[in-house]
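A structural walkthrough
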Amino acid sequence: MFTRNFQLILITNIILGAAMPMLILLGVLGGSALSPVAYAATLPPSVQMLAGVLMATPMSLFMGRVGRKKGFALAAALLVLGGVLGVVAMLQQQFILLCLAHFVLGGAFVGINFLRFAAAETVPDRWKPNAISYVMASGLVAAFIGPEVFSITKDLMPSGAYVGAYAAIAGLGCIGFLPILAFRGLSPVSEGSGAASLRLALGVFSRPKIAIAASGAAVSQAVMVLLMTPTALAMVGCGFAEGQAADVIKWHVIAMFAPGFFTGALIQRFGVMPIITIGLAALGCSALSAMAGLELWHFYVSLFLTGVGWNFGFTGSTYLLQSALSAQEKPLVQGANDTLLAVVSSVASLISGGLYFGIGWAATAASVLPVIALAMGFIALR
């Protein structure tokens with residue numbers, strides 16, 4: 001299974017993916033440092049999410065036309081460009097330029113996210129679920145590397161706050177070029193005519209496997225974002241320390257990526273549909289744990305189950321989508337799928353704060369149960 005290209009994909013995902021936890025921190029911190037008004041501090045990460053909505057399908061079609069290698073090279077180049085723009089924005093105290101930097105960085109991660117599909121294309125059919133699963137697991141390494149790089153570099157340049165961290169992101173993009181340049185044999189996918197693409201777009205998501213894959217990934221992503229985003233606020237509001245909230249989030253991230261070491265094997269053993277269903281059930285249990293009480297262990301259990309449920313639902317849905325598509329269909333459908341994921345992530349992130357402040361933590365958790373029930377019912381019916 002560990003072909004040359006697959007090993008290079010894992011290395012690329014670790015290097016480029018290490019920038020993501022840095023951006024989670026920089027989006028708010030950098031925005032807060034430069035924002036002319038307090039309520040605009042979250043605009044940079046919001047613009048970064050918008051890039052995912054706008055660029056997922058074009059990036060996938062670009063890869064389909066010119067090949068994965070050039071597509072990932074473009075993603076690395078955007079990471080470098082975004083990092084450089086972030087450096088200039090912080091040095092010159094330009095908030096609009098910082099928003100532009102995060103838009104470019106959002107476009108970079110659109111391309112980086114397609115590494116999970118490319119991994120499945122580099123191994124024999126029997127190993128495809130394992131390949132996707134291992135790429136997801138490599139995100140765990142990136143999740144530990146990124147914050148360390150941020151801590152080391154954020155104050156390296158006294159001329160401007162966080163300049164060193166943005167420069168480090170550009171550096172990660174440069175280093176990420178090296179394994180990408182070593183890719184071999186990732187050829188472009190032939191696209192049909194515009195009319196054929198339109199017919200494909202209109203009909204493909206009505207196919208049962210595609211519909212289940214898209215809905216399973218979308219619900220897993222939306223529930224995870226909706227429960228994760230206000231967790232720190234809820235914990236601090238209950239009197240817990242910020243360090244305790246950070247530890248809960250740390251174990252949530254571990255639960256998101258660590259199961260990747262065996263999710264693929266579980267799919268091979270039990271089939272993809274049971275794994276997606278178990279993932280959705282785990283997300284439901286995470287909501288029930290959040291509703292059950294406000295003790296520290298309730299938060300640990302809830303966020304840990306959220307991570308595991310997301311991994312099972314998302315990894316299973318990714319494999320199901322990949323296995324149900326022909327080579328000609330992949331560029332358009334994978335792009336449309338990731339556009340849907342970007343939309344639900346953005347909506348969940350935007351409404352999570354309003355729900356928490358409006359109806360409270362337990363009611364916010366309860367709000368995801370009907371969505372999960374509908375998704376599980378849809379899978380059963382289809």
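A few words now on the packing of helix 7 (residues 128-153) against helix 8 (residues 163-181). With their axes 8 Å apart at the nearest point, helix 7 and helix 8 run at an angle of 135 degrees to one another. The pairing of helix 7 with helix 8 is recorded here as oblique in orientation. Along this stretch, helix 7 crosses helix 8, giving a crossing that reads as right-handed. Where helix 7 approaches helix 8, its residues Val149, Phe150 and Thr153 are matched on the opposing element by Gly164, Ala165 and Ala168.

With that out of the way, let us pick up the pattern of salt bridges. Scanning all chains against the criterion turns up four salt bridges. Across the salt bridge formed by Asp155 and Lys154, the nearest N and O atoms sit 2.8 Å from each other. Take Asp155: its relative accessible area is 57%, and that puts it in the exposed class. We note a salt bridge from Arg207 to Glu329, for which the minimum N-O separation is 2.7 Å. With Arg207 in the loop between helix 9 (194-203) and helix 10 (208-228) and Glu329 in the loop between helix 15 (296-323) and helix 16 (330-359), this pair connects stretches of sequence that are 122 residues apart. Relative accessible area serves as the criterion here: at 30%, Arg207 is assigned to the partly exposed category. Classification of Glu329 as buried rests on a relative accessible area of 13%.

Among all residues except glycine, the phi angle is most often negative; among peptide bonds, the trans geometry is most common. Even without being a glycine, Gln93 presents a positive backbone phi close to 55 degrees. Here Gln93 shows up in the loop between helix 4 (68-92) and helix 5 (95-113).

We now examine the packing of aromatic side chains. The tally for this structure, following the rule as stated, stands at eight aromatic pairs. Geometrically, the ring pair formed by Phe72 and Phe183 is edge-to-face, given 6.3 Å between the ring centres and 75 degrees between the ring planes. Residue Phe72 is located in helix 4, and its partner Phe183 is located in the loop between helix 8 and helix 9; the two are separated by 111 residues in the primary sequence. Classification of Phe183 by relative accessible area gives buried; the value is 2%. Taken together, a centroid distance of 5.0 Å and an interplanar angle of 15 degrees make the contact between Trp310 and Phe314 stacked. Note that Trp310 and Phe314 are positioned in helix 15 at a spacing of four residues, about one turn of the helix. Residue classification places Trp310 among the buried residues on the basis of a relative accessible area of 6%. Joined through ring pairs, the aromatic side chains of Phe240, Phe299 and Trp361 make up one cluster.

With that settled, consider the side chain of Ser317. Of note, Ser317 is situated in helix 15. Residue Ser317 is classed as buried on the basis of its relative accessible area of 1%. What Ser317 contacts, discounting residues up to four positions off in sequence, is Ile212, Ala213, Gly216, Ala217 and Ile276.

About the cut-offs
- Residues numbered from 1 in each chain as written.
- Predicted model: local features only at pLDDT ≥ 70, side-chain atom pairs only at ≥ 80, totals over all residues.
- Heavy atoms only, no water.
- Axes fitted to C-alpha atoms, helices over the stretch in contact; angles between N-to-C directions.
- Helix = DSSP H or I, 4+ residues; strand = E, 2+ residues; numbered from the N terminus.
- Parallel < 35°, antiparallel > 145°, perpendicular 65-115°, else oblique.
- Left-handed = near helix turned anticlockwise from the far one by under 90°.
- Contact = heavy atoms within 4.5 Å.
- Salt bridge = Lys/Arg side-chain N within 4 Å of Asp/Glu carboxyl O.
- Buried < 20%, exposed > 50% of the residue type's maximum accessible area, 1.4 Å probe, protein only.
- Phe/Tyr/Trp six-rings, centres within 6.5 Å; stacked < 30°, edge-to-face > 60°.

None of the figures reported here should be taken as evidence of function without further support.
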